[in-house]
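Below, each chain spelled out in residue letters.
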Amino acid sequence: MTDPFGTAALRARVLAAWAASPARFREDANAEEDAATGRPLVELAQNAADAAARAGVPGRLLVEVSDGVLYAANTGAPLDAAGVEALSHLRASTKTSGIGRYGVGFKAVLALTDAPAVFSRADGVRWSRRETLAEVAAIPSLAGEVARRNGAVPVMRLPYAAVPDERAAALLREWDTVVALPLRREADLTELDEWLLLTLPLESMVVAGRTVVRDPRAVVHTTSGVVPAVLLADRPVEERERVSWSVTVAVPAPPDRLLRAPQPTAERVDLPVFVSASVPLEPTRRHVVPGPLTEWLAARAAEAYVALLESLPPAPDVLDLLPATLPAGAFDLALREALLPSLPRARLLPGGWRGEETAVADLGPASAAVTEVLDLPQLLDPSWLRRCGALATLGVRVLDTADVVELLHGLDRPPEWWAGLYAALATVPDRDALRALPVPLADGRLVTGPRGLLLTTDADLAAAARDAGLPLRFVHPDAARGRAAEVLRGAGALDAEPGAVLDSLQAEVESSLDDDPLVAPDALAGVVLRLLRAEPSAATERDWLGSLALPDAEGELRAADELLLPDSPVTRWVRADSPFGIASADLLDTYGADALLAAGVVGALTLRDFDEVRDDAWAEALGGLTSLDDESLDWLRAHAVLPAGSGRLVAVRELLADDADPLLDNLYERVAPLPDASRRVVARLGLVSTVDAMDDDGLAGLADRLAERGTVPQVRALYAAIARADVPLDPAQVRAVRDGSLVTVPVREAYAVDRPDLLPLLAGRAWLPVDVPLGAALADVLGVALASDIDARMTSTATATARLPDLVPGAPDVGVELHDPLLVNDVPVAWWAGRPYATDGTPGGLARLVAWLTGAWPSRYAIEASLRGDRDDEALLDPP
């Protein structure tokens, strides 16, 4: 058998080295054990891809198992002597480019076989664990090491020339290279999956009759180049010679989320994409070697990641491909640290916008409508809001209501566009932010904030205000239609009702009589009176309207509240020297009385105006009063004058209504006939018709007047009314009877009769003419003494005693004393109601005693008549 690859010489050199240094044998054995832990089928696929790349032909791979042997056939550069030497050494690859590295990848097949072989055309090379063990056993210096390792030897350090078997030979008729692996255990053919096709330059791959194809959904981005020399300075020599690098990212992501290099490593990259990078690996080819080179390649992977995302159609689904979990390892962390700062600059959004250039409006139910109206290219559809975390990663600004309002400033849009926007904003969650909305005015300006702006559909009013130069800010009608007006109202705009417009003109009104008014007074008056004509009630609680400058009958400007309404009764009531003028009749004709009165022109008097009323006009002017609160009535009671029946003017308290009770005659003046309106006012001033209608002050005045005048019947009746009123009056003097005549005496000298039997004791004293039952009450009201307060004593001696029924049939059964004469305080009396009861025995005395005891005092005269024989006895005790 020929030995085209010089395998014998290679074996001899290796055996000599082992014999000379058992430590070298141990190192080779350990290194091969490490290398045998990879993924053998993936390594075969990498070798196939490298071979095709070196030959510049499409890469193809066939893998099959036949009679316990796994065959892997590929196209590309055939095996040569240098390749055989590299396969027979550890970390001594002849490659300076490509995918495989270090000459260790092929050793992974030892996990499946003890006798791997490689054939290219008619030549081949093989390795054998059995034969290597036999060769090593012949070297005495290695006996101890072999025994210690329990027969484990570095198989692939000793190559042998080989010829293909029948199946390999058949395959070589179509393929450039065939690897034969007599299997020690079953191979995992699933290692050769579609994910390898994303990184290996293989055109096709058939595994055990199954054609493996790339995922048709896959979107792949690959980038490559030369590693900067400075990053290789700390790497092994062979690595420094391999200066090429490549990175591949793709979607969808593999289920295992493992980093490929390009074979799957044990490093997890927990990102929703496939990542493969030519990172340096430790000898097991399962873990990344940390360092500057790895970090630099992670940055290149981040760039490829962004390029892949930018190649996809912009849609919310793109956000699913952004990092959303914590890093799963060192390489994953390095990739993210390079990726995250670049994502806001990536053109991943509709229209090719970068995240840092765009925004999305988060306005609750108003989001979609507002976004549609704004129609800004850099404003994303609100559907993107479902991915707020991803938007933050991209640097997309999420706008709240205040942000959107701020965005509006500076926009130049027609009024109807603003109306649509306001309507769309109706359901935003933060209504307060709308107070800063830009608002177009009817005069063409765009102002900030609806507060105080006026909403009107009266174009004539707006035009009049504009022509007058008034500072009225009307919202453009086209910007306040439909729901837009509701939004503006909610943000502080006012309907241009007369009251709201008037409030906007307060400063101008108050300055209208100044030497330098804010606006022309005549133009201002026209607008104000126009508003008041439409709604006179708008003047309510706006007293400052009285400052409005209006022309009087002579054309001079005067304050509205200093002018009288033309042709009104007020003009007849004021004095000739009053400060009032009369408003221009043209104003009355143009705007009407209601508008002028609302502006403050005087058409009805208030109390403050009565100082200017002629005395002889009070009776009529009272009926024109517009306010009659308690304070007003008190003032009128103190100051009002009215015509009395005598034709003279007297104070209100000196007058009495002309339908008064005759009992009050001669005590008060009567009011002359008044207009009905004035009569209603006068009635509220306390001018009364009867004593019962008098208040406390009126009763006090009545008591004072009674002390000066009045007949006995008049005084008796009025004292009875005063007693029933039960109001303490405390007059200084009273009207009383003394010695049969009415006299006026001080209160301290008068008595009220509270017991009829005491009346004889009052001879020479002054007593009040009132019925005995009211005596005590009248004493309390007027403060006079009672007759019972007089010290009374009976001085006569009884001449007889008797039972009253014996004297008067049917009388109460009490004992009485009969006297002749009966004296009390030395004054003869007919009867005495003290204890004991006493009488002079006459019919009159007995009648009084019976009437007193039975409570039928008014019947005393009837009882006396009966005792004299003038009446029937049965009627003696009947009440009157």
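Rules and cut-offs
- Residues numbered from 1 in each chain as written.
- Predicted model: local features only at pLDDT ≥ 70, side-chain atom pairs only at ≥ 80, totals over all residues.
- Heavy atoms only, no water.
- Helix = DSSP H or I, 4+ residues; strand = E, 2+ residues; numbered from the N terminus.
- Contact = heavy atoms within 4.5 Å.
- Buried < 20%, exposed > 50% of the residue type's maximum accessible area, 1.4 Å probe, protein only.
- Pairing = 2+ DSSP bridges.
- Salt bridge = Lys/Arg side-chain N within 4 Å of Asp/Glu carboxyl O.
- Expected span 1.5 Å × (residues − 1).
- Phe/Tyr/Trp six-rings, centres within 6.5 Å; stacked < 30°, edge-to-face > 60°.
- Lys NZ or Arg CZ within 6 Å of the ring centre and 35° of its normal.
- Polar contact = N/O pair within 3.5 Å; in protein donor to acceptor, adjacent residues only side chain to side chain.
- Axes fitted to C-alpha atoms, helices over the stretch in contact; angles between N-to-C directions.
- Parallel < 35°, antiparallel > 145°, perpendicular 65-115°, else oblique.
- Left-handed = near helix turned anticlockwise from the far one by under 90°.
- pLDDT = per-residue confidence, 0-100.
- Core = buried A, V, L, I, M, F, W, Y, C linked by side-chain atoms within 4.5 Å.
- Arc of directions from axis to C-beta.

**Notes on the environment of G395**
Thought 1: With respect to the helices, strands and loops of the structure, G395 is situated in the loop between helix 12 (388-394) and strand 18 (397-399).
Thought 2: Between the C-alpha atom of G395 and that of A359, which follows or precedes it by 36 residues, the distance is 8.7 Å.
Thought 3: Filtering out sequence-adjacent residues up to four positions away, G395 remains in contact with P344, G355 and E356.

**Focus: the pairing of strand 13 (residues 274-277)**
Thought 1: Here strand 13 shows a buried face lined by F274 and S276 and a second buried face lined by V275 and A277.
Thought 2: Where strand 10 (residues 244-251) meets strand 13, four bridges bridge the pair, whose relative direction is antiparallel. Across the sheet, V247 pairs through a bridge with A277, a residue of strand 13.

**Comments concerning the sheet that holds strand 16 (residues 359-361)**
Thought 1: Spatially, the three strands line up as an open sheet ordered 17-16-18, and their pairing is parallel. Because the sheet does not close on itself, it has two edges, and the strands there are strand 17 (379-380) and strand 18.
Thought 2: Looking at chain direction, strand 16 and strand 18 are connected through three bridges and run parallel. Residue pairing for strand 18: V360 is matched across the bridge by V398.

**Details of the pattern of salt bridges**
Thought 1: Counted under the stated rule, the structure contains 34 salt bridges.
Thought 2: For R24, the salt bridge goes to D28, with nearest N and O atoms at 3.5 Å. With R24 and D28 both in helix 2 (residues 22-35) and four residues apart, the pair spans about one turn of that helix.
Thought 3: A salt bridge links R149 to E33, with the nearest nitrogen and oxygen atoms 3.0 Å apart.

**Overview of helix 26 (residues 712-725)**
Thought 1: Between its first and last C-alpha, helix 26 extends 20 Å over 14 residues, near the 20 Å set by a 1.5 Å rise per residue.
Thought 2: The set of residues buried in helix 26 consists of Q714, V715, L718, Y719, A720, A721, I722 and A723.
Thought 3: The secondary structure elements touched by the buried residues of helix 26 are helix 25 (696-706), strand 31 (733-738), strand 32 (741-746) and helix 27 (775-782).
Thought 4: A positive backbone phi angle near 55° is found at D726, which sits one or two residues after helix 26.

**Quick look at unusual backbone geometry**
Thought 1: The amide bond that connects V251 to the next residue, P252, takes the cis arrangement and shows omega of 5°.
Thought 2: Inspection of the secondary structure puts P252 in the loop between strand 10 and strand 11 (258-260).
Thought 3: The omega torsion of the bond from A261 to P262 falls at -10°, within 30 degrees of zero and hence cis.
Thought 4: By secondary structure assignment, the location of P262 is in the loop between strand 11 and strand 12 (264-268).
Thought 5: With a phi angle near 50°, D375 is a residue other than glycine that sits in the positive phi range.
Thought 6: If you trace the backbone, D375 turns up in the loop between helix 11 (367-374) and strand 17.
Thought 7: Positive phi outside glycine occurs at D726, with the angle close to 55°.
Thought 8: Relative to the elements of secondary structure, D726 occurs in the loop between helix 26 and strand 31.

**Some remarks on the packing of aromatic side chains**
Thought 1: Under the definition given, this model contains 10 aromatic pairs.
Thought 2: For the pair W618 and W635, a centre-to-centre distance of 6.3 Å together with 10° between the ring planes defines the contact as stacked. A residue pair is termed long-range when its members are at least 10 positions apart, and W618 in helix 22 (residues 618-621) and W635 in helix 23 (residues 630-639) qualify at 17 residues.
Thought 3: The interplanar angle of 45° and the centroid separation of 6.2 Å between the aromatic rings of W831 and W852 together place this pair among those described as tilted. Taken together, the residues span a long stretch of sequence, with W831 in strand 40 (residues 831-832) and W852 in helix 29 (residues 843-854) at a distance of 21 residues.
Thought 4: Site record: aromatic cluster; members linked through ring pairs are W417, W418 and Y422.
Thought 5: Over the ring of W175 we find R60; its NZ or CZ atom is 4.4 Å from the centre of that ring.
Thought 6: If you follow R755 out to its NZ or CZ, it ends over the ring of W832, 5.6 Å from the centre.

**Regarding the side chain of S128**
Thought 1: Examined against the element boundaries, S128 turns out to sit in the loop between strand 4 (123-126) and helix 5 (129-137).
Thought 2: Among the polar contacts made by the side chain of S128, one reaches the main-chain amide nitrogen of R130 at a distance of 3.3 Å.
Thought 3: In contact with S128, not counting residues within four places along its chain, are D114, A115, V155 and Y160.

**A short note on the packing of helix 11 against helix 14 (residues 415-424)**
Thought 1: At a minimum axis separation of 8 Å, helix 11 and helix 14 run at an interaxial angle of 165°. Here helix 14 runs roughly antiparallel to helix 11, going by the angle between their axes. For helix 11 against helix 14, the interelement crossing comes out left-handed. Contact residues: helix 11 offers A369, V370, V373 and L374, while helix 14 offers W417, G420, L421 and A424.

**Some points on the confidence of the model for the protein**
Thought 1: Counting all residues, the mean pLDDT for the protein is 87, and 96% of those residues have values of 70 or more.
Thought 2: Here residues 92-103 scores under 50 on pLDDT; set against residues more than four positions off or in separate chains, the count is 48 contacts.
Thought 3: Note that pLDDT drops below 50 for residues 873-880; the model gives that stretch 16 contacts with residues more than four away or on any other chain.

**Details of the nonpolar core**
Thought 1: Core analysis: the largest hydrophobic core is formed by 49 residues, its most contacted members being V279, F331 and L335.
Thought 2: Of all the elements in the fold, those that place two or more residues in this core are strand 10, strand 13, helix 9 (292-311), helix 10 (330-339), strand 14 (347-349) and helix 12.
Thought 3: Among the elements that make up this core, the one with the highest residue count is helix 9 (11 residues).
Thought 4: Beyond its immediate stretch of four places on either side in the chain, L335 contacts L271, V275, A298, A301, A302 and Y305.

**What about the sheet that holds strand 36 (residues 798-803)?**
Thought 1: Spatially, the four strands line up as an open sheet ordered 36-37-41-40, and their pairing is mixed. With one partner strand each, in any of the chains shown, strand 36 and strand 40 form the two edges of the open sheet.
Thought 2: Bridge analysis of strand 36 against strand 37 (residues 815-819) gives five bridges, and the strand direction is antiparallel. The residue bridging R803 from the neighbouring strand is G815, located in strand 37.

**So, helix 25**
Thought 1: Those residues of helix 25 that sit buried are G698, L699, L702, A703, R705 and L706. Looking down the long axis of helix 25, one finds its buried residues gathered within 165° of arc, a one-sided arrangement.
Thought 2: For helix 25, the elements touching its buried residues are helix 26, strand 31 and helix 27.

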